[in-house]
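A structural walkthrough
Each chain, letter by letter, is given below.
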Amino acid sequence: MERQINSGLYERLLLSNDKKAVLAVARKERMPEQPSEIIKDLMVLEFLGLKRDASYYEKDLESALITHLQSFLLELGNGFSFVARQKRILLEDDEFFADLVFYNRLLRCFVVIEIKTHKITYEDLGQLQMYVNYYDREEKLPEENPTIGILLCADKNNTLVKYSLPENNKTIMASKYQLYLPSEKELLQELKKELDDQE
């Protein structure tokens, strides 16, 4: 709980989602209906201990997340269970590997997470869409909800995400991560920016 307070969980959830829905879910007045009600965009991964200036690869970030799985599950939110790491998907003679697969018991669906240590590209979104389609067609049971895909990236372009995905998209999300908690000054600047944008 102390980490969630220090990482600004409440503020991040309220800034990135429908405030009334988030509060109702938090008070257990209703179950989450949309993935956006429980999946954060900005995820703070300071618990991994990766240095700010360190050069690292996707496999390093993935290994650190698995090592700190309990903390990562807490950062993801409520209802997540670990399913697989580097899940092999064979399509005819082509092999693909989904970085991380979880199941969310509240949303009753699989959650496929692709990790990118660079700024998001439309190719990244296409790859994740393929994994989501595979899970929906091959793994999901009829009574389960559609698979959610999360592209966890170092930086993103919201306009690129918007135009790379269908207008009615509710299953593919891009979430930016940072490896350290912002300073008080950075946090105040971000809150001011958000308040200005809402006015």
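What comes next is a walk through the structure. (Residues numbered from 1 in each chain as written. Predicted model: local features only at pLDDT ≥ 70, side-chain atom pairs only at ≥ 80, totals over all residues. Heavy atoms only, no water.)

1. What to know about the packing of aromatic side chains
Heads up, the rule is: Between the rings of Phe, Tyr and Trp (Trp by its six-membered ring), a pair exists once the centres lie within 6.5 Å; its type follows the angle of the planes, with under 30 degrees stacked, over 60 edge-to-face, and the other angles tilted. A helix here means a DSSP run of H or I that spans at least four residues, while a strand means a run of E at least two residues long, and both kinds are numbered starting from the N terminus. Buried, partly exposed and exposed residues are distinguished by accessible area as a fraction of the type maximum, computed with a 1.4 Å probe on protein chains only: under 20%, between the cut-offs, and over 50%, respectively.
Tallied over the entire structure, the rule returns 5 aromatic pairs. For the ring pair phenylalanine 80 and phenylalanine 102, a centre distance of 6.4 Å and an interplane angle of 90 degrees mean the geometry is edge-to-face. Here phenylalanine 80, found in strand S2 (residues 80-91), pairs with phenylalanine 102, found in strand S3 (residues 94-104); they are 22 residues apart in sequence, far enough to count as distant. The exposure classification of phenylalanine 80 matches that of phenylalanine 102, with both residues buried.

2. Brief notes about unusual backbone geometry
Peptide bonds are, in most cases, trans, and in most cases residues other than glycine have a negative phi. Phi is positive for glutamate 92, which is not a glycine, with a value near 55 degrees. Of note, glutamate 92 is situated in the loop between S2 and S3. Positive phi, normally seen in glycine, also occurs at arginine 108, with a value near 55 degrees. For arginine 108, the position within the fold is in the loop between S3 and strand S4 (109-119). According to the relative accessible area criterion, arginine 108 is partly exposed, its value standing at 41%.

3. Remarks on the pairing of strand S5 (residues 148-155)
Cut-off, in case you're wondering: Following DSSP output, two strands are said to pair if at least two bridges run between them. Look down the strands so they point away from you; if the path from the first strand over the helix to the second goes clockwise, the crossover is right-handed.
Most of S5 sits out of view: 6 of its 8 residues are buried. Sheet analysis places S4 next to S5, joined by 7 bridges and oriented parallel. Within S5, the position partnered with glutamate 114 by the bridge is leucine 151. As for the winding sense of the linkage, the β-α-β connection from S4 through helix H6 (residues 122-139) to S5 is right-handed.

4. Observations regarding the nonpolar core
Cut-off, in case you're wondering: By nonpolar core we mean a set of buried residues, namely Ala, Val, Leu, Ile, Met, Phe, Trp, Tyr and Cys, connected to one another through side-chain atoms within 4.5 Å. Residue contacts are counted whenever heavy atoms from the two residues lie within 4.5 Å of one another.
Ile120 and Leu125 are the most contacted members of the largest nonpolar core, which has 20 residues in total. At 6 residues, H6 tops the list of elements feeding residues into this core. With sequence-adjacent residues up to four places away left out, isoleucine 120 is seen in contact with Leu125, Leu151, Cys153, Asp155, Lys156, Asn157, Leu160, Val161 and Ala174. Leu61, Leu65, Leu69 and Leu107 belong to the second-largest nonpolar core, a separate cluster that totals 17 residues.

Function-wise, these values are silent; they only describe arrangement.
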